[in-house]
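Descriptive structure summary
If you want the building blocks of each chain, they are given just below.
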Amino acid sequence: MSLITVESLLKERHLRPEEAPRVEELWAEIRRLKKERNAFVPAHNYQVPEVQAVADYLGDSFELAVKSRGIDSAFVVFCGVRFMAEGCYTLAPERPVYVPSLDALCSLAEVDEDDVLERQEFLRALGRDFATLTYVNTYAAVKALSDSCCTSSNAATIAERLGKPDILFVPDQNLAYQVAIKTKRMYLPPPDPHAFHPKEYREMVEPLIREGERQGLVGNVFAWEGACHVHHQMTEADIESIRRQDPEAAIVVHGEVKPSLQRLADAVLSTAQMIKYVAAHPERKKFAILTECGLIVRMELEHPEKQFYKSCRLCQYMKANTLENLLETLRDRPPERLVTVPEEVRVGAQQAMQRMIDLAS
Ligand code: 13P
Ligand code: SF4
């Protein structure tokens, strides 16, 4: 049973009074259609609260991936971004998966598989003993080139369990830093986007590799040049001003923020871990949660007794899903919103996703 009601949305000013009848009407019709058509609606923690209210399951990327394997419905309408829906199909292809909006993409996920092959070849030529660890925020063709996937909730654990000294971490350069710090590996910064020059890159990383060896580190994390446009624009000043204003506030950041912010924060967590962190600290009354706004809306509704600093940013891709396009998808199942992956690619991506699930537990 969702905590999100019209009353709670009105009370926290997430809904204007004139919008309430329309939202209630849409909720009723969506619930009716889900039942009538035997549809399942998973939703990511960043979805707008009106969509979260009618979801059958809410979670972070890892929880949603695990859930994908155990859905016993005729079809799925996935309220998240495309790579998440693709992951749901990848893990359980026997059941159709739809997205409510074709605009629900992700700025991290656009990685060219040929570039990954080139980087792997480069590392082999350098004589490195490495595993390719791919963040789930990628499409199946890149996942299929990986030894394992990971999410922000388990990236370091999986890096440790892959059994290789070096990690090629694709595509989030900031989460790569978190992996390096937690697993005692040298962080090797990424080349500039779309400007990988083997000779220059080698000249940049070799002294750092030698320094890591001198320090007795386990190995290296070769960071890819991707970043989330939402988290990467957050600044140290966002944290410093809250610290000055309110030293009591707990500051929690997502693993996709820049390394300098990760160092300033009290905790670096995935979205589901952030929700658990707030619930696990009843003694703390004030929080700054540096991530996408959808999560903060949910926390405000779940913890009206606590205060949340509004340091969040909007992901327009997550907000492309609305009650209207969810309803349309449940009703019409538009063929262009069906998510599929060529079978020869899906099999490789499934192995990498399954390895993540196995290694994370
Ligand atoms: P989580 O796995 O923490 O939910 O993150 C997904 C995401 O897209 C972060 O921007
Ligand atoms: Fe992608 Fe960033 Fe949006 Fe998450 S917040 S879906 S990483 S663009």
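Going by the structure above, here's the rest.
The sections below set out a description of the structure shown in this document. Note that the coordinates shown come from a computational prediction; the quantities given were computed from them, not determined experimentally.

Attention now moves to the packing of aromatic side chains. Taken as a whole and judged by the stated rule, the model has seven aromatic pairs. On the numbers, 5.4 Å between centres and 85 degrees between planes, the contact of Tyr-177 with Tyr-187 is edge-to-face. Pair noted here: Tyr-177 is in helix α9 (residues 173–183) and Tyr-187 is in strand β9 (residues 185–188), with a separation of 10 residues, a long-range link. Among the residues examined, Tyr-177 registers a relative accessible area of 10% and is labelled buried. Owing to a relative accessible area of 18%, Tyr-187 belongs among the buried residues under this scheme. Taken together, a centroid distance of 6.5 Å and an interplanar angle of 85 degrees make the contact between Tyr-277 and Phe-287 edge-to-face.

Summed over all chains, the structure comprises 25 salt bridges. Residue Arg-16 pairs with Glu-18 through a salt bridge whose shortest N-O separation is 3.0 Å. Residue Arg-16 is joined to Glu-19 by a salt bridge in which the shortest nitrogen-to-oxygen separation is 3.1 Å. According to the relative accessible area criterion, Glu-19 is partly exposed, its value standing at 27%.

Attention now moves to the site of ligand 2. Around ligand 2, 13 residues are found, and the nearest of them are Cys-106, Asn-137, Cys-228, Glu-256 and Cys-315. Each residue belonging to the shell around ligand 2 can be placed in one class, and the counts come to nine nonpolar, three polar and one charged.

What follows covers helix α16 (residues 343–360). Here α16 spans 25 Å end to end across 18 residues, near enough to the 26 Å set by a 1.5 Å rise per residue. Within α16, the full set of buried residues consists of Arg-346, Gly-348, Ala-349, Ala-352, Met-353, Met-356, Ile-357 and Leu-359. On its buried face, α16 sits against α4 (61–68), α5 (82–91), α7 (140–143), β7 (148–150) and α8 (155–161).

Strand order in the open sheet made by the four strands is β12-β11-β13-β14, with parallel pairing throughout. Each edge of the open sheet is held by one strand with a lone partner, namely β12 (267–269) and β14 (307–309). Direction aside, neighbouring strands of the sheet carry axes that sit 30 degrees apart on average. Here three bridges tie strand β13 (residues 286–290) to β14, and the two strands are oriented parallel to one another. When the sheet's bridge partners are listed, Lys-286 is paired in β14 with Gln-307. Docked against the sheet, helix α11 (residues 236–245) engages β11 (250–254), β13 and β14, running at close to 165 degrees with respect to β11. Where helix α13 (residues 271–279) meets the sheet, its contacts fall on β11, β12, β13 and β14, and the angle it forms with β11 comes to roughly 165 degrees.

Turning our attention to the site of ligand 1. All residues in the neighbourhood of ligand 1 are listed as His-44, Tyr-46, Asp-60, Ser-61, Asn-137, Ser-152, His-231, His-254, Glu-256, Ser-270 and Thr-271. Contacts to ligand 1 include His-44, whose side-chain N or O atom sits 2.6 Å from an oxygen atom. In the environment of ligand 1, an oxygen atom lies 3.0 Å from a nitrogen or oxygen atom belonging to the side chain of Ser-152. For ligand 1, whose unbound accessible area comes to 300 Å², protein coverage reaches 96%. For the shell around ligand 1, the residue count by class is one nonpolar, eight polar and two charged.

Criteria and cut-off values
- Residues numbered from 1 in each chain as written.
- Chains lettered and ligands numbered in written order.
- Predicted model: local features only at pLDDT ≥ 70, side-chain atom pairs only at ≥ 80, totals over all residues.
- Heavy atoms only, no water.
- Phe/Tyr/Trp six-rings, centres within 6.5 Å; stacked < 30°, edge-to-face > 60°.
- Helix = DSSP H or I, 4+ residues; strand = E, 2+ residues; numbered from the N terminus.
- Buried < 20%, exposed > 50% of the residue type's maximum accessible area, 1.4 Å probe, protein only.
- Salt bridge = Lys/Arg side-chain N within 4 Å of Asp/Glu carboxyl O.
- Near = heavy atom within 4 Å.
- Nonpolar A, V, L, I, M, F, W, Y, C, P; charged D, E, K, R; others polar.
- Expected span 1.5 Å × (residues − 1).
- Contact = heavy atoms within 4.5 Å.
- Pairing = 2+ DSSP bridges.
- Axes fitted to C-alpha atoms, helices over the stretch in contact; angles between N-to-C directions.
- Polar contact = N/O pair within 3.5 Å; in protein donor to acceptor, adjacent residues only side chain to side chain.
- Areas by Shrake-Rupley, 256 points an atom, 1.4 Å probe, with all protein chains shown as cover.

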